[in-house]
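Structure assessment
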Amino acid sequence: LSVGISNAALPPGYEDQIYCPPGNCEIYTNPFGYVGAASSFSKCYDPETNVMSEGVWTGTETDVTTPDGWIEPQMCTAAQYSQCEVNTDCSTLISPGCSCYVSSSIHPYQACQENDCNLSGCTGNECGGYDGVCQPGFNGTGNTCMLEETDDIGNTTAPVPTPAPSSAALATASILISISSIITISSSISWIS
């Protein structure tokens, strides 16, 4: 008997387009290597002020309206925003909760503030088997620091597709199959065979 939690991309119509304040472009950032909704990774970025912010997402299945004057941003060019040039610009760190994440030396991501970085309970080896690597941008966009799994001798084996964390409400709403459904399906299958 197994019950799973799913945090996948939303179906079409819920996050079809991001809108940002004027003068912003769109960036992709994914320090924990998660999979999930586009709004988890696509952010607004103001190259003039070096400030990243959340966008407003619209879709045909939502009643969300964009704030007056907000724009459909273009992806930031490499000149506007790039997290790395080479792999050494990306480093792995441990966050509270004992997860491994990647940060850029050019545009650092901090999972916590100095006085909130309680790593008690962490082993210090949470990033063993992972490297921070610089993934090239596409069509003139900037490079991105990503987590990748490594083998015992440090060779990259694959990008890290880990599920995004969820709130209690999302976890409750995301149960794939209820226990009663599993029992019903199991009973039906045994009578068919």
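Residues numbered from 1 in each chain as written. Predicted model: local features only at pLDDT ≥ 70, side-chain atom pairs only at ≥ 80, totals over all residues. Heavy atoms only, no water.

**Re the environment of threonine 144**
With respect to the secondary-structure elements, threonine 144 resides in strand S10 (residues 144-150). Judged by relative accessible area, which is 11%, threonine 144 ranks as buried. Here the alpha-carbon distance between threonine 144 and glutamine 83, two residues 61 residues apart in the chain, equals 5.1 Å. Beyond its immediate chain neighbours, meaning those up to four positions away, threonine 144 contacts Tyr28, Gln83, Cys84, Val133, Cys134 and Gln135. (Helix = DSSP H or I, 4+ residues; strand = E, 2+ residues; numbered from the N terminus. Buried < 20%, exposed > 50% of the residue type's maximum accessible area, 1.4 Å probe, protein only. Contact = heavy atoms within 4.5 Å.)

**Here's the deal with the environment of cysteine 44**
Mapped onto the secondary structure, cysteine 44 falls in strand S4 (residues 42-46). Assessed through its relative accessible area of 0%, cysteine 44 is described here as buried. With 22 residues separating them in the primary sequence, cysteine 44 and proline 22 have C-alpha atoms 9.9 Å apart. Not counting residues within four places of it along the chain, the set of residues in contact with cysteine 44 comprises Ile18, Tyr19, Cys20, Pro21, Asn24, Cys25, Val51, Met52, Ser53, Glu54 and Gly55.

**Considerations on the nonpolar core**
By size, the foremost hydrophobic cluster in this structure holds eight residues: Cys84, Cys90, Cys100, Val102, Cys127, Cys134, Cys145 and Leu147. The set of elements that each furnish at least two residues to this core consists of strand S8 (99-104) and S10. The contact partners of cysteine 100, leaving out residues within four places of it in the chain, are Phe32, Thr92, Leu93, Glu126, Cys127, Tyr130 and Leu147. (Core = buried A, V, L, I, M, F, W, Y, C linked by side-chain atoms within 4.5 Å.)

**A word on the pairing of S8**
Walk down a regular strand and you will see the side chains alternate between the two sheet faces. In terms of residue burial, S8 counts as a mostly covered element, since five of its six residues are buried. Inspection of the sheet shows strand S7 (residues 90-95) paired to S8 by six bridges, in the antiparallel sense. Looking across to S8, one finds that cysteine 90 is bridged to serine 104. As consecutive antiparallel partners, S7 and S8 are separated by three residues, and within that stretch glycine 97 has a phi angle of approximately 95°, a positive value. (Pairing = 2+ DSSP bridges.)

**Remarks on the pattern of salt bridges**
One pass over the structure, following the stated rule, counts one salt bridge. The residue glutamate 54 makes a salt bridge to lysine 43 at a minimum N-O spacing of 3.0 Å. Pair noted here: glutamate 54 is in the loop between strand S5 (51-53) and strand S6 (56-58) and lysine 43 is in strand S4, with a separation of eleven residues, a long-range link. With a relative accessible area of 10%, lysine 43 lands in the buried category. (Salt bridge = Lys/Arg side-chain N within 4 Å of Asp/Glu carboxyl O.)

**Side note on the state of the cysteines**
All chains considered together, the criterion is met by seven disulfides. Between cysteine 25 and cysteine 76 runs a disulfide, and the two sulfur atoms are separated by 1.9 Å. Given an S-S torsion of about 90°, the disulfide between cysteine 25 and cysteine 76 has right-handed geometry. Taken together, the positions of cysteine 25 in strand S2 (residues 25-28) and cysteine 76 in the loop between S6 and S7 put the pair 51 residues apart, joining distant regions of the chain. Residues cysteine 25 and cysteine 76 agree in their burial class; the two are buried. Between the sulfur atoms of cysteine 90 and its disulfide mate cysteine 145 the distance is 2.1 Å. The sign of the S-S torsion, about -80°, decides the handedness of the disulfide formed by cysteine 90 and cysteine 145: left-handed. (Disulfide = S-S within 2.5 Å.)

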